[in-house]
Amino acid sequence: MLQKLYDWVDERLDITPIWRDIADHEVPEHVNPAHHFSAFVYCFGGLTFFVTVIQVLSGMFLTMYYVPDIENAWHSVQYLQSQVAHGQIVRGMHHWGASVVIVMIFLHTLRVFFQGAYKKPRELNWIVGVLLFFVMFGLGFTGYLLPWDNKAFFATQVGLEIAESVPVIGTDIKTLLAGDPDIVGAQTLTRFFAIHVFFLPAALFGLMALHFIMIRRQGISGPL
Amino acid sequence: MSEKKNNQVSRRQFLNYTLTGVGGFMGAAVVAPMVGMAVDPLLQADGSDDFEYVMDVDEITTEPQRKTFYIDQQDGWYDTEAERAAWIYRDENGDILALSPICTHLGCVVDWETGDHDNEFFCPCHYGRYDKNGVNIPGTPPEGPLHAYEYRIEDGRLYLGRANPREGA
């Protein structure tokens, strides 16, 4: 049945080469944990991607209930957490996943660093990877404010003061982030929401595409 | 794609099935709570069964009077007082009737004896018409009579509950 459906589409669109390009690639012996158990260190990039997918999905569903407004943000989180079916689980996935993804991306970075896999010809992919790291931090920072509880408020207060400590342009950066030179409030929350939900994910997807195209083009670096 | 030998499952097939099965299970485990969250509105109980005071019984006449009252409405995390309206009167048998003004066609609001629609409820959106008992007049868009509020009388005071559909033309 499925095979027939696939053949029907394939006959018209010749899709086999497309997914072959994506899915069919050599996994060298030295990255296969079945051959060398220590090769599990190669999993962290994939795990980062896996957790990122969970973050995107759970985030999409959370926005069905969340409102980025200082009057209602906390109440909507409280509602989705305590009244909505499985709301606690989905928010839990997003909450814990946010930390796990940082851990995974860090382990992935360590592996690439200590194996020297960033060296020529893979310098560009290292740069994109570092940008991805920054984007991920940005997602963590902006997402932290959204529940609009005391912890979120003061963490953002501190983060904005740190941004302000940048020489010369610090005050402007802070105003740009917070939407107001003095207040951490209504405009801060909507800004952080927009950055968290639209701007940074867009950057994330673009950079991830580059990251994956480059690794596929260059292949996995050789054994140590 | 797969080489079949004497109806045996090939190594490749076995791996395909196992990977698809395990992957599908993991994917379902991730997605299931999210879908549950999305369909939560379907699982929530219907609105409240509270009755609210609307007017005194001795003020009720045979002429429909429009009365508004407020119900406590829980809209997710937003608690509010929502306004409700009712057309209240005694029918020819002397029974109290409290009709919802929501047109049963597509939910606009009907009015009593508006324009040249004497002794009728009229809905301006698509010219729906109802007779004095709130029963839809055949040939006009509505497919059922105006809903009637459940009511309760205590100490000569009229309390209204939820509006229910009625049998009719």
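Residues numbered from 1 in each chain as written. Chains lettered and ligands numbered in written order. Predicted model: local features only at pLDDT ≥ 70, side-chain atom pairs only at ≥ 80, totals over all residues. Heavy atoms only, no water.

## Quick look at the interface of chain B and chain A
Contacts between the two partners involve 16 residues from chain B and, on the opposite side, 22 residues from chain A. Roughly 1,600 Å² is buried in total at the junction of chain B and chain A, and carbon and sulfur atoms are behind 78% of that figure. Looking at the side of chain B facing chain A, the largest losses of area belong to M34, M37 and W77 of chain B, adding up to 49% of the total buried there. Joining chain B to chain A, the criterion identifies 0 salt bridges. Counting across the interface, chain B meets chain A through 2 residue pairs in polar contact (both at pLDDT 80 or more). At the level of elements, α1 (11–38) and α2 (40–43) of chain B are the ones that each hand at least two residues to the side of chain B that touches chain A. Per-element tally for the side of chain B that touches chain A: the top contributor is α1 of chain B, with 9 residues. (Contact = heavy atoms within 4.5 Å. Buried area = accessible area lost by both parts, 1.4 Å probe. Salt bridge = Lys/Arg side-chain N within 4 Å of Asp/Glu carboxyl O. Polar contact = N/O pair within 3.5 Å; in protein donor to acceptor, adjacent residues only side chain to side chain. Helix = DSSP H or I, 4+ residues; strand = E, 2+ residues; numbered from the N terminus.)

## Here's the deal with the domain arrangement of chain B
Where interface size is given, it is often the accessible area lost as the parts come together that is meant. Split by domain assignment, chain B resolves into domain 1 (2–38) and domain 2 (52–164). The distance between the C-alpha centroids of domain 1 of chain B and domain 2 of chain B comes to 56 Å. (Domains from an automatic or database assignment.)

## What about the UniProt feature "transmembrane region" (unreviewed entry) in chain A?
Residue and element names in this part refer to chain A. The UniProt record marks residues 39–67, 96–114, 126–146 and 193–215 with the feature "transmembrane region" (unreviewed entry), using the residue numbering of this structure. As annotated, residues 96–114 has a helix share of 100% and a strand share of 0%, and its two end C-alpha atoms lie 27 Å apart. Helix makes up 100% of residues 193–215 and strand 0%, whereas the separation of the span's terminal C-alpha atoms amounts to 32 Å. (UniProt positions renumbered as here; feature names shortened; annotations may be inferred.)

## Overview of the sheet that holds strand β6 (residues 121–123) of chain B
All names here are of chain B. Overall, antiparallel pairing links the 3 strands, which are arranged β5-β6-β7 in an open sheet. Taken across any chain shown, the strands that pair with only one partner, and hence form the sheet edges, are β5 (111–112) and β7 (128–130). The pairing of β6 with β7 spans 3 bridges and is antiparallel. Within the sheet, the bridge partner assigned to F121 lies in β7 and is Y130. (Pairing = 2+ DSSP bridges.)

## Focus on the pairing of strand β8 (residues 148–154) of chain B
Residue and element names in this part refer to chain B. Pairing geometry for β8 and strand β9 (residues 157–164), over 6 bridges, is antiparallel. When the bridges of β9 are listed, R152 appears paired with Y159. The antiparallel hairpin formed by β8 and β9 contains 2 residues in its connecting segment, where D155 sits at a positive phi of about 55°.

## Looking at the UniProt feature "domain: Cytochrome b/b6 N-terminal region profile" (unreviewed entry) in chain A
When the UniProt feature table is mapped to this numbering, "domain: Cytochrome b/b6 N-terminal region profile" (unreviewed entry) covers residues 5–224 of chain A. Here residues 5–224 of chain A runs as 70% helix and 0% strand, with 45 Å between its end C-alpha atoms.

## Examining the environment of F154 of chain A
With respect to the helices and strands, the residue F154 of chain A is situated in helix α7 (residues 150–164). Between the C-alpha atoms of F154 of chain A and Q218 of chain A, which are 64 residues apart in sequence, the distance is 44 Å.

## Quick notes on unusual backbone geometry
The peptide bond linking K120 of chain A to P121 of chain A adopts the cis configuration, its omega dihedral lying at 10°. Relative to the helices and strands, P121 of chain A resides in the loop between α5 (87–114) and α6 (123–145). Although it is not a glycine, D14 of chain A adopts a positive phi angle of roughly 55°. Looking at the element boundaries, D14 of chain A is found in the loop between α1 (2–13) and α2 (16–23). Given a relative accessible area of 48%, D14 of chain A falls into the partly exposed group. A positive phi angle is found at D155 of chain B, which is not glycine, with a value near 55°. Tracing the chain through its elements places D155 of chain B in the loop between β8 and β9. (Buried < 20%, exposed > 50% of the residue type's maximum accessible area, 1.4 Å probe, protein only.)

## Structural notes on the pairing of strand β2 (residues 65–75) of chain B
Residue and element names in this part refer to chain B. In this structure, β2 lies alongside strand β3 (residues 78–90), joined through 11 bridges in antiparallel fashion. Paired with T68 across the bridge in β3 is A85. The hairpin formed by β2 and β3 contains 2 residues between the paired strands, and G76 there has a positive phi angle of roughly 60°.

## Let's talk about the packing of aromatic side chains
Across all of its chains, the model carries 19 aromatic pairs over all chains by this definition. Note on Y79 of chain A and W77 of chain B: the rings are 5.9 Å apart at their centroids and 65° apart in plane angle, and the pair reads as edge-to-face. Highlighted residues: Y79 of chain A in helix α4 (residues 73–82) and W77 of chain B in the loop between β2 and β3, drawn from two different chains. Both rings, one in F113 of chain A and one in W126 of chain A, keep their centres 6.5 Å apart while their planes meet at 40°; by these two values the pair is tilted. Taken together, the residues span a long stretch of sequence, with F113 of chain A in helix α5 and W126 of chain A in helix α6 at a distance of 13 residues. Judged by its relative accessible area of 42%, F113 of chain A is partly exposed. The exposure class of W126 of chain A is partly exposed, given its relative accessible area of 28%. An aromatic cluster of three or more residues is present, and its members are F113, F114, Y118 and W126 of chain A. Note that R12 of chain A overlies the ring of W8 of chain A, its terminal NZ or CZ placed 3.8 Å from the centroid. (Phe/Tyr/Trp six-rings, centres within 6.5 Å; stacked < 30°, edge-to-face > 60°. Lys NZ or Arg CZ within 6 Å of the ring centre and 35° of its normal.)

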